[in-house]
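Structure assessment
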Amino acid sequence: MEGVDFSRLDVALAIYDANDDPREADLLCGVALQKDDLEAFLQDLCDLVERKYGGMRFSRLLDEDQGDEAMKSACIRWRSDFLASVIEEAERCLAEDDRREGC
């Protein structure tokens, strides 16, 4: 990539998924861009989320989602994923105990 001035990319953005274990968050996406383009980039990102993926900006959620359905859904998903990982770990521990006892 000759001729690219990487020093102009002065903003780094990263999106992490910390739902399963905040101490081991997964990096989902990372980008670098010019600070002057940041506002337009974020606007385009919000537009894409709404137009293509059926998402919604937080400001609109606060106005329209009076029952906090989006937050409830996210909490249910997080608890479900977390509970599944706890059960998986418990099953692994039990299997190790069985192996040690010769079962």
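Because the structure is a prediction, the values reported are computed rather than measured. (Residues numbered from 1 in each chain as written. Predicted model: local features only at pLDDT ≥ 70, side-chain atom pairs only at ≥ 80, totals over all residues. Heavy atoms only, no water.)

1. Quick word on the overall build of the chain
For clarity, the threshold we go by: Here a helix means four or more residues in a row that DSSP labels H or I, a strand means two or more in a row labelled E, and each is numbered from the N terminus. Think of it in three bands: with a 1.4 Å probe and only protein chains considered, a residue is buried below 20% of the maximum accessible area for its type, exposed above 50%, and partly exposed in between. Contacts are assigned to residue pairs with any non-hydrogen atoms lying within 4.5 Å of each other. Note on areas: Shrake-Rupley with a 1.4 Å probe; residue coverage comes only from the protein chains shown.
Broken down by element type, the chain carries three helices and two strands. For the chain, buried positions account for 3% of its 103 residues. Considering only residue pairs separated by 6 or more positions, the chain has 29% of its internal contacts joining residues 24 or more positions apart. For the chain, the accessible surface area stands at approximately 9,100 Å², while carbon and sulfur atoms represent 55% of it.

2. Considering the environment of Gly55
Tracing the backbone through its elements, the reader meets Gly55 in the loop between helix H1 (38-53) and helix H2 (58-64). The partly exposed category is assigned to Gly55, whose relative accessible area is 25%. The contacts of Gly55, once residues within four sequence positions are left out, are Val49 and Glu50.

3. Remarks on H1
What counts is decided by this rule: Every helix has an expected span of 1.5 Å times one less than the residues it contains.
With 16 residues, H1 ought to run about 22 Å at 1.5 Å a step, and its terminal C-alpha atoms sit 21 Å apart, in line with that. With its phi angle positive at about 70 degrees, Gly54 sits one or two positions after the end of H1.

4. What to know about the pattern of salt bridges
Between side chains of opposite charge, a pair can form when the charged atoms approach closely. Under the convention used in this document: Each salt bridge in this description consists of a side-chain nitrogen of Lys or Arg and a carboxyl oxygen of Asp or Glu lying within 4 Å of one another.
Evaluation of the coordinates by the stated rule reveals three salt bridges. In this structure, Glu50 engages Arg57 in a salt bridge whose closest nitrogen and oxygen atoms are separated by 3.2 Å. Under the relative-accessibility criterion, Glu50 is labelled partly exposed at 25%. Beyond isolated ion pairs, a larger network of salt bridges with shared partners links Asp47, Glu50 and Arg57.

5. With respect to a nonpolar patch on the surface
To keep things clear, this is the line we draw: Patches here are clusters of residues that have more than 30% relative accessible area and form no salt bridge, with a 9 Å joining cutoff for like charges and a 5 Å cutoff for nonpolar side chains (Val, Leu, Ile, Met, Phe, Trp, Tyr).
On the surface, a cluster of nonpolar side chains totalling about 530 Å² of accessible area is made up of Val31, Phe41, Leu42, Leu45, Leu48, Val49 and Tyr53. With six residues, H1 is the single largest residue contributor to the nonpolar patch. When you line up the elements, Leu48 lands in helix H1. Leu48 gets classed as partly exposed once you look at its relative accessible area, which sits at 31%.

6. Regarding the confidence of the model for the chain
Our working definition: pLDDT measures the predictor's confidence residue by residue and takes values from 0 up to 100.
Scored by pLDDT, the chain has a mean of 81; 87% of the residues are at 70 or more. By mean pLDDT, helix H3 (residues 69-101) is the weakest element of the chain at 75, and H1 is the strongest at 93.

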